Amino acid sequence: MTHDHLDAAARPASRPFGRLLTAMVTPFTPDGSLDLDGVARLASHLVDEQGNDALVVNGTTGESPTTTDAEKDHLIRAVVEAVGDRAKVVAGVGTNDTRHTIELAAGAEKAGAHGLLVVTPYYNKPPQSGLLRHFTAVADATGLPVMLYDIPHRSGVPIDTETLVRLAEHGRIVAVKDAKGDLTATSWVTSRTALAFYSGEDALTLPALAVGSVGLVGTSTHFTGALTAQMIEAYDAGDMPTALALHRRLLPLFTGIFRTQGTILVKAGLASLGLPAGPVRPPLVDATNDEIAQLRADFAAAGLELPE
């Protein structure tokens, strides 16, 4: 093996959506309707104060299972208008119906999104050949770059390594939000393709970078974004002690935000900080006082403050 080959293999994939993305919650008014002013303010906070290069809207963290197609359209437009000149807006369009997903993808393109997040079809458990057809059909339907979302603990089906390698041949399938939690599988795909892998688990960001990933699509990054960006920058600069120190510092929040469903605790934390959030929609339930007290302790353990 030549040194040139080694250099090429060690080089990370490009970063089509930057280093750091947050899967943004959807602020609601007290009666549970969309708070579009709050959406714009939260998007601006996440980009300007928390250092996000891009935002994912209409993901699971944004309560996409309980928002209508019309609401999804309004959300994309509001976020593009608020931050689209200085951050990329990636629209979650994945469903377990290929035709509906294509409709949402076309709508997201029309609304001004810069990219699409397409989750593995859930509940109906398609075979790998079905996944190949689904993702290819969606990528064919618009001119937008696509980030696949591999999250078998929610969808019931992993995207197998060979399927990812085949999908990487598509010119618009450029990235993966990797929530499989299998760094060996990640290693194989990043070694065989130019797909940009983004960790889909906050706490696995640093080890994922070490096997060829390029960044994070985070949840705790509503609060840890600026420090997480510093961690990734330190890794890129070869400053492993700083990267590891930040990883260890942020672990209490990287993991604590998921003590219950992530959206619940993000909205509780945002409310405590006076940022737009509002209630969650059923079947989610708002955080209890005990859960908020634990979140406050997790903030403190990460050297951050959550006001009473």
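Residues numbered from 1 in each chain as written. Predicted model: local features only at pLDDT ≥ 70, side-chain atom pairs only at ≥ 80, totals over all residues. Heavy atoms only, no water.

1. Description of the confidence of the model for the chain
Close inspection of predicted coordinates is inappropriate in any region flagged by low pLDDT. When pLDDT is averaged along the chain, the result is 96; 96% of the residues meet or exceed 70. Note on residues 1-11: pLDDT under 50 across the span, and 1 contact to partners over four residues away in sequence or across chains. (pLDDT = per-residue confidence, 0-100. Contact = heavy atoms within 4.5 Å.)

2. Observations concerning the UniProt feature "active site" (unreviewed entry) in the chain
The UniProt entry lists Tyr149 and Lys177 under the feature "active site" (unreviewed entry), expressed in the numbering used here. Across 29 residues of sequence, these annotated residues stay compact in space, with a maximum C-alpha separation of 4.7 Å. Checked against the element boundaries, tyrosine 149 lands in strand β5 (residues 146-150). Judged by relative accessible area, tyrosine 149 falls into the buried class, the value being 8%. Residues contacting tyrosine 149, with those up to four places away along its chain left out, are Leu117, Val118, Val119, Thr120, Ile159, Lys177 and Ala179. Along the chain, lysine 177 falls in strand β6 (residues 173-178). (UniProt positions renumbered as here; feature names shortened; annotations may be inferred. Helix = DSSP H or I, 4+ residues; strand = E, 2+ residues; numbered from the N terminus. Buried < 20%, exposed > 50% of the residue type's maximum accessible area, 1.4 Å probe, protein only.)

3. Considering the pairing of strand β7 (residues 196-199)
Residue alternation in β7 divides its side chains into two sets, Ala196 and Tyr198 and Phe197 and Ser199, and both sets are buried. In this sheet, β7 lies alongside β6 in parallel orientation, the contact comprising 4 bridges. Across the sheet, lysine 177 pairs through a bridge with tyrosine 198, a residue of β7. With helix α8 (residues 183-192) bridging β6 and its parallel neighbour β7, the resulting β-α-β unit is right-handed. Pairing of β7 with strand β8 (residues 215-218), which is carried by 2 bridges, proceeds in the parallel orientation. By the bridge assignment, serine 199 is partnered in β8 with leucine 216. At this point the chain moves from β7, through helix α9 (residues 205-210), to the parallel β8, and the crossover so formed is right-handed. (Pairing = 2+ DSSP bridges. Right-handed = clockwise from strand over helix to strand, strands pointing away.)

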